[in-house]
Amino acid sequence: MPARHTADPDATVAAVQAVASWLHDDAAATPDRTAIAMAVRLTARTLATLAPGASVEVRVPPFVAVQCISGPRHTRGTPPNVVETDPRTWLRLATGLLDIGDAADRGALRLSGSRAGEVAAWLPLITLGE
């Protein structure tokens with residue numbers, strides 16, 4: 001099943017580039033909420049497009065939740081396989097600046113369910129230059 005909303009690749013790269021300094025540098029100023037929201041939504045929708053399915057739900061509150069990865073479809077209640085994190089951690093994962101195992105070890109990423117870790121096979125979605 002295709003993602004409900006798809007992301008234009010050029011728009012996705014532009015949105016991530018707009019917040020790149022914040023992703024690279026802990027001391028950088030936090031971008032405005034709209035810029036963060038756009039980058040998060042477009043990268044999550046890119047994941048859902050590249051890894052179609054509904055067996056894993058990726059949540060990046062308060063901006064987006066997408067279902068991805070083929071397998072048994074979840075339709076009601078709490079999904080059995082959930083990946084949840086904050087916007088900055090998600091974008092650092094999506095750009096390859098952070099490894100999924102490191103994020104989970106730091107407590108910045110919650111993986112629940114036997115298939116949640118499969119998201120790692122689809123990351124990074126975009127690479128940023130140093």
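Calculation notes
- Sequence positions are assigned chain by chain, starting from 1 and proceeding in written order.
- It should be noted that, the model being predicted, local features are given only for residues of pLDDT at least 70 and side-chain atom pairs only at 80 or more, the latter also being counted only at that level, while totals for whole chains, interfaces and linings use all residues.
- Hydrogen atoms and water are omitted, and side-chain values are computed over all heavy atoms in the structure.
- By definition, two strands form a pair when at least two bridges between them are found by DSSP.
- Numbering of helices and strands starts at the N terminus; helices are DSSP runs of H or I of at least 4 residues and strands are runs of E of at least 2.
- Working convention: axes come from line fits to C-alpha atoms, limited for helices to the stretch in contact. Angles between N-to-C directions cover 0 to 180 degrees.
- Residues count as neighbours in contact if any of their non-hydrogen atoms are within 4.5 Å of one another.

Taken in spatial order, the 4 strands of this open sheet run 2-1-3-4, and their pairing is mixed. Each edge of the open sheet carries a strand with a single partner, namely strand 2 (64-68) and strand 4 (109-112). For this sheet, the mean inter-axis angle between neighbouring strands, taken without regard to orientation, is 15°. Together, strand 1 (56-60) and strand 2 form the strand contacts of helix 3 (residues 33-50), whose direction differs from that of strand 2 by roughly 10°.

Let us now look at unusual backbone geometry. Outside of glycine, negative phi angles account for most residues, and trans bonds account for most peptide bonds. With an omega of 5°, the peptide bond between Pro-61 and Pro-62 qualifies as cis. Summarising the element assignment, Pro-62 is placed in the loop between strand 1 and strand 2. Residue Leu-123 is joined to Pro-124 through a cis peptide bond whose omega torsion reads 0°. Summarising the element assignment, Pro-124 is placed in the segment after strand 4.

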